[in-house]
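Breakdown of the fold
These are the residues of each chain, in order.
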Amino acid sequence: MMFSIIDIIVYIFLGVGVFFNLLAGVGLLRFPDVYTRLHAGTKCTTFGSIFLSGSVILLGLRMWWFGNTDGSILAIHTGVALVAILVTNPTGAHAIARAAHRSGVKPVKAVVDDLEGGTTKKKSIGKKTATVKKKEEEEG
Amino acid sequence: MGKEDCRMIESFDTVYLFVLGLLFLSVIMAVIRIIKGPTAPDRVVGLDTVNTLVIVGMIIYGVAAGSVIYIDVAIVYALLSFISTLFIAKYLEGGGF
């Protein structure tokens with residue numbers, strides 16, 4: 001009984017992960033802009049990777065439960081790979097978005113760009129201190 | 001393959017190969033974005049997506065082929081692709097390191 005329930009959960013996780021990874025590909029093709037493509041290509045892929053790795057971890061835990069000690073190796077190594085994906089993927093996406101904005105790519109149909117003028121490091125620091133001073137003046 | 005190099009974990013599973021084919025379809029769509037992309041950051045986004053899909057595909061193929069060694073390769077590939085993405089982003093910024 002337990003065997004079949006865990007099998008069904010593994011297949012559901014596989015389906016959800018593959019669906020979101022395919023959505024990432026479709027979003028990369030269909031979105032009009034670097035930043036929206038970054039949303040599709042990074043967030044959908046991270047979510048799908050969580051579910052696909054989760055199905056493999058469940059498979060390994062099931063093998064471990066039924067006495068196969070190689071399942072523990074499968075589950076732990078897949079967990080380490082999942083942690084590596086979860087740490088590195090949003091960091092890389094943030095670096096790409098910052099690089100795209102600083103290299104002068106504008107969002108399509110954007111009306112207001114709040115970060116405009118702060119493209120270099122010195123200017124952004126000066127702007128930040130100016131806004132902080134403004135806030136302090138308003139408060140005190 | 002020798003038994004010391006890769007442990008056999010499960011028999012050959014066709015569901016995981018089907019999943020791998022669907023992941024390859026998504027990789028093809030990302031490669032189309034790399035070829036078409038109007039600006040350089042578009043191509044970097046496509047490359048990042050391909051990297052993540054290849055990591056997940058390595059994990060899935062490790063289960064399908066029944067050896068854990070592919071998952072270890074996936075861990076190393078994740079960290080190295082992260083470093084390469086960071087360097088390309090720094091290069092696009094045009095700033096100093």
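An account of the accompanying structure is given in this report.

**Points about the overall build of chain A**
Regarding its fold elements, chain A presents four helices and zero strands. From first element to last, N terminus to C terminus, chain A shows the α and β order α-α-α-α. Residue burial in chain A is summarised as follows: out of 140 residues, 39% are buried. For chain A, long-range pairs separated by at least 24 residues make up 60% of all intrachain contacts whose partners lie at least 6 apart in sequence. For chain A, the accessible surface area stands at approximately 8,200 Å², while carbon and sulfur atoms represent 69% of it.

**Focus on the interface of chain B and chain A**
The interface of chain B with chain A comprises 44 residues on the first partner and 47 residues on the second. Surface buried jointly by chain B and chain A totals about 3,900 Å² across both partners, of which 74% is contributed by carbon and sulfur atoms. Taken together, the connections running from chain B to chain A amount to three salt bridges. One can count nine residue pairs in polar contact (both at pLDDT 80 or more) joining chain B with chain A. At the level of elements, helix 1 (14–36), helix 2 (40–65) and helix 3 (69–93) of chain B are the ones that each hand at least two residues to the side of chain B that touches chain A. If one sorts the elements of the side of chain B that touches chain A by residue count, helix 2 of chain B sits on top with 14 residues. Split into classes, the residues belonging to the side of chain B that touches chain A amount to 30 nonpolar, six polar and eight charged.

**Re the environment of A:Ile6**
Its place among the elements puts A:Ile6 in helix 1 (residues 2–30). A sequence separation of 52 residues divides A:Ile6 from A:Leu58, and the C-alpha atoms of the two residues are 7.6 Å apart.

**Observations regarding the packing of aromatic side chains**
Each aromatic ring pair is described using two quantities: the centre-to-centre distance and the angle formed by the ring planes. Applying the stated rule across the entire model yields five aromatic pairs over all chains. Cluster of aromatic residues (ring-pair linked, three or more members): A:Phe13, A:Phe19, A:Phe20, A:Phe47 and A:Phe51.

**Details of the packing of helix 2 of chain B against helix 3 of chain B**
Close contact between helix 2 of chain B and helix 3 of chain B brings their axes to 9 Å; oriented N to C, the two are set at 175°. Overall, the two elements helix 2 of chain B and helix 3 of chain B adopt an arrangement that is roughly antiparallel.

**A look at the nonpolar core**
Counting 43 residues, the largest nonpolar core has A:Leu52, A:Val56, B:Tyr16 and B:Ile60 as its most contacted members. Of all the elements in the fold, those that place two or more residues in this core are helix 1, helix 2 (34–65) and helix 3 (70–102) of chain A together with helix 1, helix 2 and helix 3 of chain B. The element contributing the most residues to this core is helix 2 of chain B, with eleven residues. Not counting residues up to four positions away in its chain, the partners in contact with A:Val56 are A:Leu74, A:Thr78, B:Tyr16, B:Ile59, B:Ile60 and B:Val63.

**A few points about the environment of A:Val18**
Residue and element names in this part refer to chain A. For valine 18, the position within the fold is in helix 1. For valine 18, a relative accessible area of 7% translates into the label buried. In this structure the C-alpha to C-alpha distance between valine 18 and glycine 48, which are 30 residues apart in sequence, comes to 6.4 Å.

Basis of the calculations
Residues numbered from 1 in each chain as written. Chains lettered and ligands numbered in written order. Predicted model: local features only at pLDDT ≥ 70, side-chain atom pairs only at ≥ 80, totals over all residues. Heavy atoms only, no water. Helix = DSSP H or I, 4+ residues; strand = E, 2+ residues; numbered from the N terminus. Buried < 20%, exposed > 50% of the residue type's maximum accessible area, 1.4 Å probe, protein only. Contact = heavy atoms within 4.5 Å. Areas by Shrake-Rupley, 256 points an atom, 1.4 Å probe, with all protein chains shown as cover. Buried area = accessible area lost by both parts, 1.4 Å probe. Salt bridge = Lys/Arg side-chain N within 4 Å of Asp/Glu carboxyl O. Polar contact = N/O pair within 3.5 Å; in protein donor to acceptor, adjacent residues only side chain to side chain. Nonpolar A, V, L, I, M, F, W, Y, C, P; charged D, E, K, R; others polar. Phe/Tyr/Trp six-rings, centres within 6.5 Å; stacked < 30°, edge-to-face > 60°. Axes fitted to C-alpha atoms, helices over the stretch in contact; angles between N-to-C directions. Parallel < 35°, antiparallel > 145°, perpendicular 65-115°, else oblique. Core = buried A, V, L, I, M, F, W, Y, C linked by side-chain atoms within 4.5 Å.

Just distances and angles here, no functional claims.
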